[in-house]
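# Structural features, examined
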Amino acid sequence: FFSSHGQDSLWQRKYEFGAFNNYDLRNSSLNGIGTFRLLNDGFDTLVGSKMNPKASKISKSIFTFATTYLSMLWSHEMGHYIRAEQIDGKFNIHNFGLPIPYTTADLPADVSLTNEAIFVTGGFEVNYLNIRKIQAEFISQNGLWNEDLGFAFANRLFYPIYTTLI
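Residues numbered from 1 in each chain as written. Predicted model: local features only at pLDDT ≥ 70, side-chain atom pairs only at ≥ 80, totals over all residues. Heavy atoms only, no water.

## Let's talk about the overall build of the chain
What counts is decided by this rule: Helix and strand definitions here come from DSSP, where helices need a minimum of 4 consecutive H or I residues and strands a minimum of 2 consecutive E residues; each element is numbered from the N-terminal end. Throughout this description, buried means an accessible area under 20% of the type-specific maximum (1.4 Å probe, protein chains only), exposed means over 50%, and partly exposed covers the range between. We call two residues in contact when some of their heavy atoms are within 4.5 Å.
Looking only at helices and strands, the chain features four helices and four strands. Secondary structure of the chain in N-to-C order comes out as β-β-α-α-β-β-α-α. For the chain, the spread of C-alpha atoms along the three principal axes comes to 60 × 30 × 30 Å. Burial analysis of the chain (166 residues in total) assigns 37% to the buried set. Contacts in the chain between residues at least 24 apart in sequence constitute 57% of all its contacts with a sequence separation of at least 6.

## Re the packing of helix H2 (residues 53-86) against helix H3 (residues 113-141)
For any two helices packed against each other, one specifies the crossing angle of their axes together with the interaxial distance. Where we set the bar: Note on definitions: angles span 0 to 180 degrees between N-to-C directions of axes, and those axes are lines fitted to C-alpha atoms, for helices only across the stretch in contact. Each angle is binned into one of four classes, with values under 35 degrees roughly parallel, values over 145 roughly antiparallel, values of 65 to 115 roughly perpendicular, and all other values oblique. Handedness of a helix crossing follows the sense of rotation of the near helix relative to the far helix, less than a right angle counterclockwise being left-handed and clockwise being right-handed. For this classification, Asp, Glu, Lys and Arg are treated as charged, while Ala, Val, Leu, Ile, Met, Phe, Trp, Tyr, Cys and Pro are nonpolar and the rest, including Gly, are polar.
H3 packs onto H2 with a crossing angle of 135 degrees between their chain directions and a minimal axis gap of 7 Å. By the angle between their directions, the pair H2 and H3 is classed as oblique. The crossing of H2 and H3 is right-handed. Contacts from Met72, Ser75, His76, Gly79, His80, Arg83, Ala84 and Gln86 of H2 reach H3 at Ile118, Phe119, Val120, Gly122, Gly123, Phe124, Glu125, Val126, Asn127 and Asn130. Grouping the amino acids of the contact of H2 with H3 by side-chain chemistry returns seven nonpolar, nine polar and two charged.

## What about the pairing of strand E4 (residues 102-106)?
Our working rule: A pair of strands is treated as paired once DSSP finds two or more bridges between them.
Taken together, the five bridges between strand E3 (residues 90-95) and E4 define a ladder with antiparallel strand orientation. In the sheet register, Asn95 faces E4, and the bridge partner there is Tyr102. Between the end of E3 and the start of E4, which pair antiparallel, lie six residues.

What follows is the structure, given as structure tokens:
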């Protein structure tokens, strides 16, 4: 992993990427958070810094919303994918874009209720891991960047919104 320091000497921006055991949801969570941070910081450095301040703020707001939404969804869907593989099923991604991804699953015909529950909750497990990781960094560093806090908040809202609408 690599990092950079923020305005407060305790703040440290961590870009963590890794490959873990087969069914370890950190494959989705940590890599999702790292990608989210890299995309947003890359936008600031490569695009936003070359625009006038007003256009930069507007563009950054739209870009941050899109990366928050899509990073949250991608890591969530990858949680289902990892859990489907764990129970010898297949997770099919037909569309991974806006507004919502279209996915299907082919689970074994004799899947147990426990294994089906493992598959169904895999996405929310990743959302929880995202929240837990960012909250731990917030506590250890006594603060974080607003977009990280927004990403954690969006992951926290995902379950109640999803279960209300679906």
